[in-house]
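Architecture at a glance
Letter by letter, the chains look like this.
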2 protein chains.
Amino acid sequence: MQSIPRALRRALVGKPIHNERFRDAVLPKRTALPVFSADALSSVAYAPDEIILTLALAGTTAVAISPWVGLAVLVVLAVVIAAYRQNVRAYPSGGGDYEIVSKNLGRTAGVGVGAALMADYALVVAVSMATAAQYVTAALPGLADRRVELAVAGVLLVGLLNLRGLAFIGRAAAVPTYFFLAVLAALLLVGVGQDLTGSLGQAPSADREVLPAAGFDAGLTGLAGALLVLRAFSSGAVALTGVETITNSVPYFRKPRAANAAATLGVLGAVSAAMLAGVMYLADRTDVVVVGNPEEQLLVDGRLPAPDFFQDPVLGQLAKTVFGTESLWFYVLVAATVGVLVLAANTAFSGFPTLASRLARDAFLPRQLQARGDRFAFTNGILLLLLVAVVLTVAFGANVNSLIQLYIVGVFVSFTLTQAGMVRHWGRVRRMRPHPGVRRELFGRRAVALVAFVLCAAVLVVVLVTKLTQGAWITLVAIVLLSAVMAGVRRHYDAVDAELALQPDSPVRALPSRVHAIIYVSSVRKPLMRALAYARASRPSTLEAVVVDTNAAATRRILDEWQRLEIPVPVTVLDAPYRDTIGPVVDHVRGVRRKSPRDLVVVYLPEYVVRHRWERLLHNQAIRPLRARLHQERGVMTASVPWHLSSAAGQDVGPESAPAPQQRAARP
Amino acid sequence: MQSIPRALRRALVGKPIHNERFRDAVLPKRTALPVFSADALSSVAYAPDEIILTLALAGTTAVAISPWVGLAVLVVLAVVIAAYRQNVRAYPSGGGDYEIVSKNLGRTAGVGVGAALMADYALVVAVSMATAAQYVTAALPGLADRRVELAVAGVLLVGLLNLRGLAFIGRAAAVPTYFFLAVLAALLLVGVGQDLTGSLGQAPSADREVLPAAGFDAGLTGLAGALLVLRAFSSGAVALTGVETITNSVPYFRKPRAANAAATLGVLGAVSAAMLAGVMYLADRTDVVVVGNPEEQLLVDGRLPAPDFFQDPVLGQLAKTVFGTESLWFYVLVAATVGVLVLAANTAFSGFPTLASRLARDAFLPRQLQARGDRFAFTNGILLLLLVAVVLTVAFGANVNSLIQLYIVGVFVSFTLTQAGMVRHWGRVRRMRPHPGVRRELFGRRAVALVAFVLCAAVLVVVLVTKLTQGAWITLVAIVLLSAVMAGVRRHYDAVDAELALQPDSPVRALPSRVHAIIYVSSVRKPLMRALAYARASRPSTLEAVVVDTNAAATRRILDEWQRLEIPVPVTVLDAPYRDTIGPVVDHVRGVRRKSPRDLVVVYLPEYVVRHRWERLLHNQAIRPLRARLHQERGVMTASVPWHLSSAAGQDVGPESAPAPQQRAARP
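Scoring rules and cut-offs
- Residues numbered from 1 in each chain as written.
- Chains lettered and ligands numbered in written order.
- Predicted model: local features only at pLDDT ≥ 70, side-chain atom pairs only at ≥ 80, totals over all residues.
- Heavy atoms only, no water.
- UniProt positions renumbered as here; feature names shortened; annotations may be inferred.
- Domains from an automatic or database assignment.
- Helix = DSSP H or I, 4+ residues; strand = E, 2+ residues; numbered from the N terminus.
- Buried < 20%, exposed > 50% of the residue type's maximum accessible area, 1.4 Å probe, protein only.
- Lys, Arg positive; Asp, Glu negative; His and termini not counted.
- Salt bridge = Lys/Arg side-chain N within 4 Å of Asp/Glu carboxyl O.
- Polar contact = N/O pair within 3.5 Å; in protein donor to acceptor, adjacent residues only side chain to side chain.
- Axes fitted to C-alpha atoms, helices over the stretch in contact; angles between N-to-C directions.
- Parallel < 35°, antiparallel > 145°, perpendicular 65-115°, else oblique.
- Left-handed = near helix turned anticlockwise from the far one by under 90°.
- Nonpolar A, V, L, I, M, F, W, Y, C, P; charged D, E, K, R; others polar.
- Pairing = 2+ DSSP bridges.
- Contact = heavy atoms within 4.5 Å.

Taking an unreviewed UniProt entry as the reference, chain A is identified by name as Amino acid transporter belonging to Kocuria turfanensis. Listed under Subcellular location (unreviewed entry) in UniProt, the entry text for chain A is "Membrane".

Now for the domain arrangement of chain A. Each domain of chain A was delimited in the assignment, giving domain 1 (4-494) and domain 2 (512-664). On a C-alpha basis, the centroid separation for the pair domain 1 of chain A and domain 2 of chain A is 58 Å.

Let's shift gears to the side chain of R634(B). Considering the arrangement of structural elements, one finds R634(B) in the loop between α25 (623-630) and β7 (636-644). Of the buried charged residues, R634(B) lacks a salt bridge, with E499(B) as the closest side chain of opposite charge at 7.1 Å. One polar contact links R634(B) to H644(A), side chain to side chain, over a distance of 3.1 Å.

Our next topic: the packing of helix α7 (residues 107-139) of chain B against helix α15 (residues 329-361) of chain B. Residue and element names in this part refer to chain B. Where α7 meets α15, the closest approach of the two axes is 9 Å, and the angle between their N-to-C directions is 165 degrees. The angle between α7 and α15 places the two elements in the roughly antiparallel class. The chirality of how α7 crosses α15 is left-handed. For the contact of α7 with α15, the per-class residue count stands at 25 nonpolar, five polar and no charged.

Time to look at the sheet that holds strand β7 (residues 636-644) of chain A. Taken together, the ten strands give an open sheet; going across it, the order is β5(A)-β4(A)-β3(A)-β6(A)-β7(A)-β7(B)-β6(B)-β3(B)-β4(B)-β5(B), and neighbouring strands pair in mixed fashion. Among the strands making up the open sheet, the edge pair consists of β5 (571-575) of chain A together with β5 (571-575) of chain B. Averaged over all pairs of adjacent strands, the angle between strand axes in this sheet comes to 30 degrees, irrespective of strand direction. Across six bridges, the pairing between strand β3 (residues 515-521) of chain B and strand β4 (residues 542-549) of chain B is parallel. Among the inter-strand pairings, Y520(B) is bridged to a residue of β4(B), identified as V546(B). Contacts between helix α21 (residues 526-537) of chain A and the sheet are confined to β3 (515-521), β4 (542-549), β6 (600-609) and β7 of chain A together with β3, β6 (600-609) and β7 of chain B, with β7(A) contributing the most and set at about 135 degrees to the helix.

Next comes the structure, spelled out in C-alpha cells:
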C-alpha cells in the first residue's frame, strides 16, 4: 500500500540501524566536542555583530566600548561553564537542566525549564540557518534576495541528516568544526601578529560614519545609554547558548560519561572564550562597523548607501582586512562558518528530541516522542523541531537581528532556575556529609552555584528589560503556553493511569458469561464464507448474520443465496428506514447488549485489502466507519476478517513482509 | 468524536428523511415541470444572446438573419421533443439515454453517453450560474467585478439545497419557474401587442454600430459567412439541453410515470419553443444588438465604449424597450430570470447524481455514488458535481460566452447515439410484431427516431466543426477520459466479482483446523485484562501474549506484573532490534502461520476510545498502524478490544447512540 513512500523514506533516511550498533551512536570526546559544541562555538559568527550593531545605535564612538561588553560576556561564560562542569558530574543521566530543576525545585519549575529549552532549541536552528544564509549571500551576492529560501533549505537539510541518525552525524560533524576552528585560529593569530607588528590594516567599513538613532545624538549618555549597553550585552550573551546541550547529551559520551562531558565543557568554554575575545579585539583594532539597517544608519563617503547595499559580517570584514580584500581566505572563512553553523543547528536537532523524549517519558508530552526511530534518532521530535524552525525562519524573513531578540530568554530562564536548583542540591548533599573535608569542598561547589545563580538571574533581568518589547515577549508567551500544554498532557495521562490501574478487586479472570457473534453481510461471496468460518471457529454461544436492508433487490439476492447454499447460520434483516447502514447495526447490537448486558458481542467485519490507494475508493466505504462507530459501544468487540484482492496479492510491503509460500497456499 | 461536524451537517442539510416519506419525493406534473424543465426553459435567457453576438461578428446587417437561425433551432427542438416523448414511453425506468444506448448499441456506447451527459450536467450548472451572475450585475452594476464570486456562491447554494433532498426542492421549485414564465409571457404579449399597434420602440442598443471582425467586412459571404451562421445556430442550440433530464427522471413522476413524463416533455417543448420564438422576434423588431466584447466590436455614438461598458442581455433590453427604461419591470424580469437559472442548475443537480448512481449500480463508478443519503438525495454525486462546477466556473471566470463553447457537445453526442439506438430499438420491436396496424404505428415511430437521428447527427457535426477549436475539445477530452475511467472501474469490479464468486467447490463449511489467539501487550492494565477475558471467552486452541521489547525497563515491568497477578497465559517477549513494534509482531505471526498454515491466527489489539480528537494524539499511535499492517497478512484476523477512557464516557455521538444505562452498568 505505502510501498512508494517507504522506498522514498529509505532513500532519504537510510536502512534501519540495529540495536547492536548503538555503540556507534556513542561518541568519543574528539567527536562529542564538535557535535555538541558547535552551537556555542558558532555564536562567534554573529555575537560580535550583534554587540557592535546594537552599540552603533549611539553612533560611531559608542562602538569603541564593544570590547568591554565582550569582556562582560566572557565573565558570564566562564562562571556558567564552571557551574555546569559541576552539574554534569552531579546529574550525569542526561536529564540536564530539566532533571536538575525538577528534582530540586519541583515539577512545575521543571516543566517551565523544559518548555524554555525547547523554545530555545528551535531558535538556535532558526538563528544559525539565518546567519548561515547571510554568510552565503556575503560570498555570493547574487543570492541576496534568496535569503529565506537558503535558510529554509538549510533547516531541511540538517533535519534530514538527523533523521538519518546520530551515528552518521557524529562522524560527519568532526571535520567542519575543526576546520572552522583552524581557519578562525589562523585569522586571529595572523591578525594579532599584524597588530603587534603594526601592520594591521583598517576594516573596509572603518571609514563609514554611523548616524546615531534618535535620542543618542550625545552618544552613550544617561539611562538610555546605559540601557543600550546592557542591550548590547544581552545580545552578546548569545555566546552562552549551547552550553546546556552537553548536559542534555551526557548519555552520548563514552564512559566515564560525566568526566568526559565535564572535560568537553571545559575545552568548549576555553575555546569559545578565546575566539570571542580575539574577534572582539581585532574588530576594535580595525574599527569594524556594522549596523542594523545600513540604508538609514550609515554614511558611506558621506552619503546614505543604496537600498541594496550589503555589509559583510564582522568575521568577513576581519578576513578581508587581515588577508586582503581579494584573498581567497574570505571564501574559505565563509565556507568554514557556514559549516559550523549547520552543525550548530544540528546540535539543536540532537538536543531537542532528546529533551522531548525525556519529557515524554515523564508523560508531559505525547508518548510517541519517546520512541527512537529505526535509524536510532527520535524521529518524531526531529520532525516537530523541523516544523517549528521552518515556521520561525519564514515568519521572520530569516532576519538574524529580529530572531536574536527572541533568543536566549529561554536559555537564561533555564540557567537561572538550574543554578537555583543546584544551590539547594549542594546544600542538601552537604548536610548529609559530616566529614569536614568533603563539607568544605561541597561548600565551594555551592558557592560556585550561588555565584552563577546570581549572575544568571542578573543577566536574565537585563535580557528581559532590554529585549521584552523587542520580541522576547513572543518567546515568553510560547514558554508559558508550552508549559500549560505539557501540564495538561501530564494531567491526562495521570487520569488515564489512575483509571486503568488494576485494583486488587479488578476482575483479572472474570470472563463474559456468553459470546454473541454477529457477522455483517454485504454480499454472499468468498469473504463472507471466510468470515463465517472464522466466526464459527471461535465457537460463540450464539452466531447470527445481519443484513442491512438499504436496497430491497440486493437484500432479496442475499437471502436467496443464503437458502441456496444452505448456510447453517440464522440471518437477520435489519430495516434501514434512513438508508444508512451504521445506525441499524448499532441499534441491533444495543438490543443484544440490553438483553444480556454481561455478555460479549463480537461483530465480524469482512474487509478488503487492496493494493493501490485509488482502489480504496472502490471498497470498504461502508466497513471502516461502521467499525469506528462500533468502537463507541461498550462490551462490543470488532473482528476484521481481511480478504486480499488478487490485485493486492504478492504486493511489496517491504522486504520483511513478502508473504511466505505456505501462506499463499493457505489462501482458499 | 465528530459531534460538531454532525451538528453542522444537521443545520445545513436537515434531519434524516424516513423511507416512508419517499412519496414526498415523487412529483405531480405541476411540480415536475418546473423541477425538470427549468434547464430547457432558462436557456432563453442566454440562447438568443449567443445567436446574436455570434452573428454580430459579421457586423450589424448580419444580425438581421438571427430570426432564421432561431427558427432552425426551433425545428430541431420540435423533432427532438417528439423523439424523446417516444423514448420515455419505451424506456420508462429512468435510465434515459444511457439505458437506451447501452441496451441497443452496447456497453461502450452507453458509457460514452454516460460520460457525455455527466460532462454536460456540470456545464449546465456552470453556464446557468454564470448567466445568473450576469443578470445580477445587470441589475446591480456595483457588483460588476464580483461576477465569479456571485456565480460560485450560486453553485454552492444550489448544491446545498439539493443535499437537503428532492422533496424540499420540489415544493420550492414550482414558484420561481411559473413566475418566470408569467413575467416572460407578459413581456412577449405586451411587446407583440405594441408591435402590432406600431408602438414598439427601439432597443437601447439599436443605434450602436458593430464593427465586423477581420474577414467579415463584406458581411455574411462565402464559406466564412456560412460557417458563422452555423456557429450561431450551434450556439443557439443550447436551447435543447435539459430535454434529456426528464428521461433520466421518470421515476420521480407520479404514476403513470411514462405518460406523465411524456406529457411534461410536450408542454416543455411547446413552452420553450414559444418563448424562444417570441424573444427572437422581438429582438429582431427592436434591433437588439449584443456583441462578445463591446470595447472592441462596438461603436457607441461613433466611439469605442469605455472598458467598463456594460451591455444588458437581450431579455433585459427587451424589458427596457417594452416597459420603458425606468420601469421596475426590468428588475422584476432580472429576478425572475435569476430564479429560473438557479432552478436550471438545480435540474442538473438532480439529473447528474441520478445518472451517476445508475452508472454506479452498473459498476462503472464507485459504489458509494449509488447510495442515497439520509435526506434521500444521492449525497456523493451532488458533492462531486458541486466540485466540478465550481472548478469550471472559476477556471473560465464565470464567462458565459467561453463556457458556452464547451457546452452542448455532450448533449448532441448523447442525442445522436440515443436516436441511433432507438432506430434499432423500433426496428427490433417491429420485427416481433406481426399485426399490421401495430407495425404501421411502429414504422412511424421508427421514422421519427430516424429523422431525429439524422438531424442530431447533422447538428453534432455542425457543433464540432464550429466549436471544436473554440473549446469544445476540452469537453471531448473530458468525455474520453471519463469513459476510460468508467471502463477501468468496471473492469476492476468485474475482476473482483469473478474472484469472489462462490464456485460450487468453494469451502462453504470448511473451518480452520485450529485457532491461535495472540494478545498484543503494551502494558498490564485494565484494557489488557479485558482483552484477555475476551480472547479466552472465544476458547482458542492456543492463547499467548506477546510483548515487543522496545524498552528493557518497560518490558521488565510488564513481566513482573504478569507474575505478580499470576495471569494464566504464557507471555512471549519479541526482540525489537530496530525498535519498531510492527515488524516483530508480524514476523512472530508469520512464524505461527508457517508452522501450521491451515490454522487461523487472531491478534487481539486493545484500543482506546477517546472523546476529543486531540486525545488521539496521546493514544493508539502504535495500534492503528499495527492493525493496518496485520491486514496485509493472510489467514490473520485482528480483533479490536475497545476501552472507553472515562473522558470518552457518556459522550454524545448523536441522538441514536447515547449508551443505554445497562451498557454503562456493564462497564468493569
